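# Notes for the structure review
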Amino acid sequence: MGEWSRSVIPIARGLCLLYLTNKYLGTTVITYGPSMLPTLNITGNLVLVERISTRTGKLRPGDVVIFRSPETPRKIVCKRLMGMEGDQVTYIVDPKNSDRCKTIVVPKGHVWVEGDNIYNTKDSRNFGAIPYGLLQGRAFWTLLPRKDFGSLAPKPR
Amino acid sequence: MRQWKIIAKEAMARASIIGKFLCLLHVTDAYVLSSNHVLGPSMLPTLNITGDVVLVEHLSHRLGKLGSGDLVLVRSPLDPKKTLTKRIVAMEGDKVTFSLDPTRSHSSRSLVVPKGHVWIQGDNLYVSRDSRHFGPLPYGLIEGKVFMRVWPPSSFGLLGE
């Protein structure tokens, strides 16, 4: 019994430290899907996400962020932040069919997110501005695939 | 020199015990059970205006076992640094009928709560700012379910319907 606990305790400590890092410093996230082309691949990217900017409120339009989906609460979604509260956002309502634009002011306590691939994305143009409390982190570095290794562009395209 | 080394070692040992205890406390607080001080008039007569200490459990919302009539602690959609305590009136897909201002008129509106959202209202409809003002609340903003009050001692007990 003593020997067994001697090897479990360092593992438990390691997991504890890993959990705290994951929750408060940063984590890695695998993204997939076409909504952030060409910034992120359709087949999957491993990105580094930091959680400090969301807690201190130091996010800026142009940052790639991950957030809990307002429609499916168990899903984490990755899009680009386009407007903070109080900003005026102009967006193309339906780029496949027409060029009509709409301008709105982002309400208090909310942010506006859009995918880089506006032709194939579900974002704030579909579900509206999302409450700031749903944001989980800011993606700032791509780890895999190797050819995309590097910082995620701070401005769209 | 050796004296300092011994003292430093003992200090590290004591600090690591405290560190482990705080770690356990944090995990329990975030994932199992925590306490919260709630105040304000929006939940009269269920919760007092001067302030109550309630116990909040963080398991039900992760398992999806929340339903209408539950008291919940949510992060405010208007100010992400604040948390609110309100009651779930309708879950996603339910039709909710409400009147914006019960003092002024009897007119009411209804809508269907969209997918992934809940409709919350304070028990004191006259002064509460809730889903009637900021719309349906995304489920991801729910932080826990309030199930018991521990202070003041005269109102100690489970909080239910």
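Residues numbered from 1 in each chain as written. Chains lettered and ligands numbered in written order. Predicted model: local features only at pLDDT ≥ 70, side-chain atom pairs only at ≥ 80, totals over all residues. Heavy atoms only, no water.

- In the nomenclature of an unreviewed UniProt entry, chain B corresponds to Peptidase S26 domain-containing protein from the organism Hibiscus sabdariffa.
- UniProt's Subcellular location (unreviewed entry) comment on chain B is quoted here verbatim: "Mitochondrion inner membrane". (UniProt positions renumbered as here; feature names shortened; annotations may be inferred.)

- As annotated in an unreviewed UniProt entry, chain A is Peptidase S26 domain-containing protein from Hibiscus sabdariffa.
- According to its UniProt record, chain A has this under Subcellular location (unreviewed entry): "Mitochondrion inner membrane".

## Things to note about the overall build of chain A
- Within chain A, the secondary structure is distributed over 3 helices and 10 strands.
- Listing each helix as α and each strand as β along chain A from the N terminus yields α-β-β-α-β-β-β-β-β-α-β-β-β.
- The dimensions of chain A, computed from C-alpha atoms along their principal axes, are 70 × 35 × 25 Å.
- A total of 157 residues make up chain A; the buried ones form 39% of that total.
- For chain A, long-range pairs separated by at least 24 residues make up 53% of all intrachain contacts whose partners lie at least 6 apart in sequence.
- On chain A, roughly 9,100 Å² of surface is accessible, and the fraction owed to carbon and sulfur atoms is 58%.
- In chain A, the 23 positive side-chain charges and the 12 negative ones have mean positions that sit 5 Å from each other. (Helix = DSSP H or I, 4+ residues; strand = E, 2+ residues; numbered from the N terminus. Buried < 20%, exposed > 50% of the residue type's maximum accessible area, 1.4 Å probe, protein only. Contact = heavy atoms within 4.5 Å. Areas by Shrake-Rupley, 256 points an atom, 1.4 Å probe, with all protein chains shown as cover. Lys, Arg positive; Asp, Glu negative; His and termini not counted. Charge placed at Lys NZ, Arg CZ, Asp CG, Glu CD.)

## Quick look at the interface of chain B and chain A
- Across the boundary between the two partners, chain B contributes 20 residues, which contact 19 residues of chain A.
- Summed over both partners, the interface of chain B with chain A comes to about 1,500 Å²; 62% of that surface belongs to carbon and sulfur atoms.
- The tally of links from chain B across to chain A stands at 0 salt bridges.
- At the junction of chain B and chain A, the tally comes to 9 residue pairs in polar contact (both at pLDDT 80 or more).
- Going through the elements one at a time, helix H1 (2-31) and helix H2 (60-63) of chain B are the ones with two or more residues in the side of chain B that touches chain A.
- Considering each element in turn, the side of chain B that touches chain A owes the most residues, 5 residues, to H1(B).
- Across the side of chain B that touches chain A, the residue classes tally to 10 nonpolar, 5 polar and 5 charged. (Buried area = accessible area lost by both parts, 1.4 Å probe. Salt bridge = Lys/Arg side-chain N within 4 Å of Asp/Glu carboxyl O. Polar contact = N/O pair within 3.5 Å; in protein donor to acceptor, adjacent residues only side chain to side chain. Nonpolar A, V, L, I, M, F, W, Y, C, P; charged D, E, K, R; others polar.)

## Some points on the pattern of salt bridges
- By the definition in use, this model includes 12 salt bridges over all chains.
- Between Asp123(A) and Arg125(A) there is a salt bridge, with its nearest N and O atoms 3.3 Å apart. For the pair shown, Asp123(A) and Arg125(A) are each scored as buried.
- Measuring nitrogen to oxygen at the nearest pair gives 2.7 Å for the salt bridge that ties Arg75(B) to Glu143(B). Within this pair, whereas Arg75(B) is found in strand E3 (residues 71-75), its partner Glu143(B) is found in strand E9 (residues 142-151), the two being separated by 68 residues in sequence.
- The class of Arg75(B) is partly exposed, set by a relative accessible area of 22%.
- Of the residues examined, Glu143(B) reaches a relative accessible area of 26% and is grouped as partly exposed.
- The network of salt bridges with common partners includes Glu50(A), Asp63(A) and Arg138(A).

## Points about the UniProt feature "domain: Peptidase S26" (unreviewed entry) in chain B
- When the UniProt feature table is mapped to this numbering, "domain: Peptidase S26" (unreviewed entry) covers residues 17-99 and 108-151 of chain B.
- Structurally, residues 108-151 of chain B is divided into 9% helix and 48% strand, and its ends, taken at the C-alpha atoms, are 36 Å apart.

## Observations regarding the UniProt feature "signal peptide" (unreviewed entry) in chain B
- The sites that UniProt annotates as "signal peptide" (unreviewed entry) are residues 1-30 of chain B.
- Annotation note: span residues 1-30 of chain B, helix share 97%, strand share 0%, distance between end C-alpha atoms 43 Å.

## Details of the packing of aromatic side chains
All names here are of chain A.
- This structure, assessed with the given rule, holds 5 aromatic pairs over all chains.
- Aromatic side chains Tyr91 and Trp112 sit 4.9 Å apart centroid to centroid with 35° between the ring planes, which places their arrangement in the tilted category. Note that Tyr91 is positioned in strand E5 (residues 88-92) and Trp112 in strand E7 (residues 110-114), a separation of 21 residues in sequence. There is no split in this pair, since Tyr91 and Trp112 are both buried. (Phe/Tyr/Trp six-rings, centres within 6.5 Å; stacked < 30°, edge-to-face > 60°.)

## Observations concerning the UniProt feature "domain: Peptidase S26" (unreviewed entry) in chain A
All names here are of chain A.
- Within this numbering scheme, the UniProt entry marks residues 14-91 and 100-142 as carrying the feature "domain: Peptidase S26" (unreviewed entry).
- Summarising residues 14-91: 21% helix, 37% strand, and an end-to-end C-alpha distance of 46 Å.
- Note that residues 100-142 is 9% helix and 47% strand, and that its end C-alpha atoms are spaced 34 Å apart.

## Here's the deal with the side chain of Glu50(A)
All names here are of chain A.
- Its place among the elements puts Glu50 in strand E2 (residues 45-50).
- Look at Glu50 and you get buried, because its relative accessible area is 12%.
- A distance of 2.4 Å separates the side chain of Glu50 from the side chain of Ser53, its partner in a polar contact.
- Within polar-contact distance, the side chain of Glu50 engages the side chain of Arg138 at 2.8 Å.

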